[in-house]
Amino acid sequence: GDSVTQMEGPVTLSEEAFLTINCTYTATGYPSLFWYVQYPGEGLQLLLKATKADDKGSNKGFEATYRKETTSFHLEKGSVQVSDSAVYFCALSDPNSGNTPLVFGKGTRLSVIA
Amino acid sequence: DTAVSQTPKYLVTQMGNDKSIKCEQNLGHDTMYWYKQDSKKFLKIMFSYNNKELIINETVPNRFSPKSPDKAHLNLHINSLELGDSAVYFCASSQDRRREHGTDTQYFGPGTRLTVL
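Owing to the predicted nature of the structure, the values given are computational and were not obtained by experimental measurement. (Residues numbered from 1 in each chain as written. Chains lettered and ligands numbered in written order. Predicted model: local features only at pLDDT ≥ 70, side-chain atom pairs only at ≥ 80, totals over all residues. Heavy atoms only, no water.)

(A) Region of interest: the layout of surface pockets. Reported here for the largest pocket is a volume of approximately 390 Å³. If you trace the largest pocket, you find 26 residues lining it, with A:Gln38, A:Gly41, B:Lys41, B:Val88 and B:Arg113 closest to the centre. Going through the elements one at a time, strand 10 (86-93) and strand 12 (108-113) of chain A together with strand 9 (87-94) and strand 11 (112-116) of chain B are the ones with two or more residues in the lining of the largest pocket. When its residues are assigned to classes, the lining of the largest pocket shows 11 nonpolar, 9 polar and 6 charged. (1 Å grid on protein atoms, 1.4 Å probe; cavity = no way out; pocket = protein on both sides within 12 Å on 5 of 7 lines; lining within 4 Å. Points joined across faces, edges and corners; volume = space filled by probe spheres on them. Helix = DSSP H or I, 4+ residues; strand = E, 2+ residues; numbered from the N terminus. Nonpolar A, V, L, I, M, F, W, Y, C, P; charged D, E, K, R; others polar.)

Okay, structure coming up:
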């Protein structure tokens with residue numbers, strides 16, 4: 001079945017450091033790909049998405065590019081802030097179904113220190 | 001203006017009790033979901049409903065019974081609660097991607113933290 005693998009955390013960075021969180025997927029078709037963020041004590045918020053190969057999703061300084069050849073959707077940010085501390089989830093959905101649930105990676109906890 | 005709301009936010013109860021968690025979405029979406037997040041933050045689908053009809057039922061014990069009185073509501077009832085049911089439960093909704101302007105983006109509620117003692 002479909003699956004998502006993302007790098008194990010926790011990741012600890014200093015403010016203004018460069019962030020990369022790796023995400024690779026396995027799917028039978030061409031899924032849509034998502035990054036969700038969960039701030040402490042809160043629910044999940046959609047951070048960005050991409051629906052086809054070579055699409056780049058971006059939001060709040062975060063970017064991720066849908067790479068079909070490497071089945072990857074790595075999350076990057078050039079300069080992280082303390083407020084970016086959260087758990088980040090990579091996810092996919094199967095475009096062949098009208099009502100598909102998301103398949104999530106295990107989440108990566110990011111801590112940014114001042 | 002909350003898009004997806006859940007009640008209660010926290011639920012503490014004894015083993016063996018029966019409890020319900022309610023979910024409502026005001027986005028006009030056709031599809032609603034329940035996910036379980038365990039203590040290690042791993043998220044897994046439990047159920048999916050489309051227009052009040054059960055679409056997906058993962059390997060969830062029979063003690064869990066979702067109920068959808070209308071397409072804006074998907075409630076989760078749990079019988080005979082066990083210690084292992086302690087988790088955060090998230091409701092989500094999405095528009096059917098097959099509809100015009102449909103998209104597979106899911107919108108999540110704030111979660112319900114269930115603690116079984």
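(B) Fine view of the pairing of strand 6 (residues 44-50) of chain A. Residue and element names in this part refer to chain A. Of the strand pairs in this sheet, strand 5 (residues 32-38) and strand 6 are connected by 6 bridges, and their pairing is antiparallel. If you follow Leu33 over to strand 6, its bridge partner there is Ala50. Here strand 5 hands over to strand 6 after 5 residues, with Gly41 in that stretch at a positive phi of 75°. (Pairing = 2+ DSSP bridges.)

(C) Representation of the sheet that holds strand 8 (residues 62-65) of chain A in the model. Residues and elements named next belong to chain A. One open sheet holds the 4 strands; their spatial order is 3-9-8-7, and the pairing between them is antiparallel. The two strands at the open ends of the sheet, each matched to only one other strand, are strand 3 (19-21) and strand 7 (56-59). Ignoring which end each strand starts from, the neighbouring axes of this sheet average 15° apart. In this structure, strand 7 lies alongside strand 8, joined through 4 bridges in antiparallel fashion. Across the sheet, residue Ser58 finds its bridge partner in strand 8, namely Glu63. (Axes fitted to C-alpha atoms, helices over the stretch in contact; angles between N-to-C directions.)

(D) Quick look at the packing of aromatic side chains. Across all of its chains, the model carries 12 aromatic pairs over all chains by this definition. Their ring planes at 75° and their centres at 5.3 Å tell us that A:Tyr36 and B:Phe108 sit as a pair that is edge-to-face. One end of the pair, A:Tyr36, is in strand 5; the other, B:Phe108, is in strand 10 (residues 107-108), on a second chain. Just as A:Tyr36 is buried, B:Phe108 falls in that class too. Through a chain of ring-to-ring contacts, three or more aromatic side chains come together here, namely A:Phe34, A:Tyr36, A:Phe89, A:Phe104, B:Tyr33, B:Tyr35, B:Phe90 and B:Phe108. The ring centre of B:Phe42 lies 6.0 Å from the NZ or CZ of A:Lys106, which sits over that ring. (Phe/Tyr/Trp six-rings, centres within 6.5 Å; stacked < 30°, edge-to-face > 60°. Buried < 20%, exposed > 50% of the residue type's maximum accessible area, 1.4 Å probe, protein only. Lys NZ or Arg CZ within 6 Å of the ring centre and 35° of its normal.)

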